[in-house]
Amino acid sequence: MIVGFIGSGNMAAAMARGWASASGESPSRMLFTDSGSGRATALADEVGGDAVASNDDLVRESDFVILAVKPASLEDVAASLPRPRAVLSLLGATTLEKLASQFPESTVIRLMPNLGVEVNQGVICMAEPDNADPSIVAEARKMLESIASVHDLPDESMDVATAVMGCSPAYFAVIAEALGGEGAANGLEPDVAIQMVAESLAGTAELLRHRTPFEIQTAVASPGGSTEAGLEALAATGGAEAFRQAYAASIERMRGN
Ligand SMILES: NC(=O)c1ccc[n+]([C@@H]2O[C@H](COP(=O)([O-])OP(=O)(O)OC[C@H]3O[C@@H](n4cnc5c(N)ncnc54)[C@H](OP(=O)(O)O)[C@@H]3O)[C@@H](O)[C@H]2O)c1
């Protein structure tokens, strides 16, 4: 499958890097455009793809077009394109109805990936209209599964999912920065401190497959112990409430408030 990325920014780069190193089904060729920054050429050079002169050329050469521009660019980009066979949209807070109005003759699939796709450990939420061509959906799913676990969702759940899985790598990075930073400030090698947080996050992620969040908290925090003191300090300074507020702020921004 030839996959063309309209837009060569952060998320296009993450997906392209993921496919470049994936062991599963990957595009046979990747094409890229940008709006003049040169990022398309740089990304193509990095992952072994090709920068293309125009979005028109890219659409003509691609089996799948990945729309990887900012949501505000949707109308401008769509207006100038020939009819793509299939469009995979990464656009945040952009409904299937809105996408279909811009690409009425194409199979349009709405995706929400997170940054983990870059290392083939992403999460991708996927919504498609009832009348989507099933063979195109199956082809897309096969490629996406080589860089992420894929969750089918109704279109109306995509914004909530975005706030939970799309934004959260940045939140976990805040935790890594804070804890790793304290470790480094207090004598650990900075790289080692971040590595320790990363390994602790990976182990916790695996534990979450077997135990509830509450069970993990109580298993670590023995009464009177240091974790209990840490959890008390977290609760006193915001703790879980800070993440609830982060969720709410993201949803509010997606809804344009
Ligand atoms: N970043 C994430 O973690 C993430 C997660 C999920 C979904 N998304 C979604 O992915 C989309 C892209 O986000 P991003 O973070 O990758 O943005 P970004 O880094 O700003 O990249 C946007 C890209 O679009 C290009 N572009 C703009 N107008 C164009 C045009 N007319 N033709 C071709 N290319 C054009 C830009 O070109 P230049 O390089 O020339 O500026 C840039 O390469 C957004 O809709 C966002 O909601 C992002």
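Per chain, residues are indexed from 1 in the order of the written sequence. Local features in a predicted model are, by the rule used here, given only for residues with pLDDT of at least 70; side-chain atom pairs are given and counted only at 80 or more, and totals for whole chains, interfaces and linings are based on all residues.

Enquirer: What exactly am I supposed to notice about the overall build of the protein chain here?
Expert: Put simply, DSSP marks the helices as runs of H or I at least four residues long and the strands as runs of E at least two long, and each gets a number from the N terminus on. Tallying secondary structure elements over the protein chain gives twelve helices and eight strands in all. Projecting the C-alpha coordinates of the protein chain onto the three principal axes gives extents of approximately 65 × 35 × 35 Å. Backbone-placed C-beta atoms define the burial measure: a residue is buried with 20 or more other C-beta atoms within 10 Å of its own, exposed with 12 or fewer, and partly exposed in between. Looking at the 257 residues of the protein chain, the share that counts as buried comes to 30%.

Enquirer: Explain the domain arrangement of the protein chain to me, please; I cannot follow it from the model alone.
Expert: How big an interface is tends to be stated in terms of the accessible area lost upon association of its parts. For the domains described, the bounds stem from an automatic or database domain assignment. Under the domain assignment, the protein chain is made up of domain 1 (2-155) and domain 2 (168-254). The gap between the C-alpha centroids of domain 1 and domain 2 is 32 Å.

Enquirer: Please explain helix α7 (residues 158-166) as it appears in this structure.
Expert: Residues three or four positions apart in an α-helix share a direction because the helix packs 3.6 residues into each turn. Among all positions in α7, only M158, T162, A163, M165 and G166 are buried. Of the surrounding elements, those touching the buried residues of α7 are β6 (107-113), β7 (122-127), α8 (168-185) and α12 (239-254). Whether two residues are in contact depends on their C-beta atoms, placed from the backbone: they are in contact if these lie within 7 Å.

Enquirer: Just checking my understanding: could you explain the nonpolar core for this structure?
Expert: Nonpolar side chains in soluble globular proteins generally cluster together in the buried interior. Judged by nonpolar contacts, the single largest core of 51 residues is most densely connected at A12, I66 and L67. Per-element tally for this core: the top contributor is helix α1 (residues 10-21), with seven residues. A set of buried residues drawn from Ala, Val, Leu, Ile, Met, Phe, Trp, Tyr and Cys, joined through C-beta atoms within 7 Å, is what defines a nonpolar core.

Enquirer: It is not clear to me how the sheet that holds strand β8 (residues 148-152) should be interpreted in this structure. Could you clarify?
Expert: Strand pairing in a sheet is mediated by backbone hydrogen bonds. Such pairs are either parallel or antiparallel. At least two DSSP bridges between two strands are required for those strands to pair. Spatially, eight strands are ordered β3-β2-β1-β4-β5-β6-β7-β8 in an open sheet, and the strand pairing comes out mixed. Of all strands in the sheet, those bounded by a partner on one side alone are β3 (50-51) and β8. Two strands pair when backbone bridges link them, and strand β2 (residues 29-33) and β3 are joined in this way by two bridges, in the parallel orientation. Bridge pairing links F32 to A51 in β3. Only the stretch in contact is used when a helix axis is fitted, and all axes are lines through C-alpha atoms; the angle between N-to-C directions ranges over 0 to 180 degrees. Against the sheet, α1 touches β1 (2-6), β2, β4 (64-67), β6 and β7, its axis set at about 165 degrees to β2.

Enquirer: Teacher, can you tell me more about the environment of N131 here?
Expert: Within the secondary structure layout, N131 lies in the loop between β7 and α6 (134-144). When the C-alpha atoms of N131 and A40 are compared, they prove to be 33 Å apart, with 91 residues separating the residues in sequence.

Enquirer: What is the right way to read the site of the ligand from this model?
Expert: Note on definitions: a residue is near a molecule or strand provided its C-beta atom, placed from the backbone, lies within 6 Å of it. Around the ligand there are 27 residues in total, and G7, G9, D34, S37 and G92 lie nearest to it. Looking at the shell around the ligand, the elements that each hand over two or more residues are α1 and β6. Each residue gets one label: Ala, Val, Leu, Ile, Met, Phe, Trp, Tyr, Cys and Pro are nonpolar, Asp, Glu, Lys and Arg are charged, and the others, such as Gly, are polar. Classifying every residue of the shell around the ligand by side-chain character gives twelve nonpolar, twelve polar and three charged.

Enquirer: Sorry, what's going on with the environment of G92 here?
Expert: Its location among the elements puts G92 in the loop between β5 (86-89) and α5 (96-102). According to the C-beta neighbour criterion, G92 is partly exposed, with 18 such atoms within 10 Å. Note: C-alpha distance between G92 and D159 (67 residues apart in sequence) is 7.6 Å. Non-local contacts of G92, meaning those with residues more than four positions away in its chain, are made with P71, T162 and M254.

Enquirer: So what exactly am I meant to see when it comes to the pairing of β8 here?
Expert: On any regular strand, side chains alternate: one points to one face of the sheet, the next to the other face. Bridge analysis of β7 against β8 gives five bridges, and the strand direction is parallel. Within β8, the position partnered with I124 by the bridge is V150. When the strands point away from the viewer and the path from the first strand over the helix to the second turns clockwise, the crossover is right-handed. What joins β7 to β8 is α6, and the crossover it makes is right-handed.

Enquirer: So what exactly am I meant to see when it comes to helix α11 (residues 226-236) here?
Expert: Across the eleven residues that make up α11, only a small minority, zero, are buried. A positive backbone phi angle near 125 degrees is found at G238, which sits one or two residues after α11.

Enquirer: Looking at this structure, I do not really get the pairing of β4. What am I missing?
Expert: Of the two faces of β4, both are covered, the one formed by F64 and I66 as well as the one formed by V65 and L67. Across four bridges, β1 lies against β4 in parallel orientation. Residue V3 lies in a different strand from β4, and its bridge partner there is F64. Pairing geometry for β4 and β5, over three bridges, is parallel. Bridge pairing links V65 to V87 in β5. Note that the unit made of β4, helix α4 (residues 74-79) and β5 has a crossover that is right-handed.

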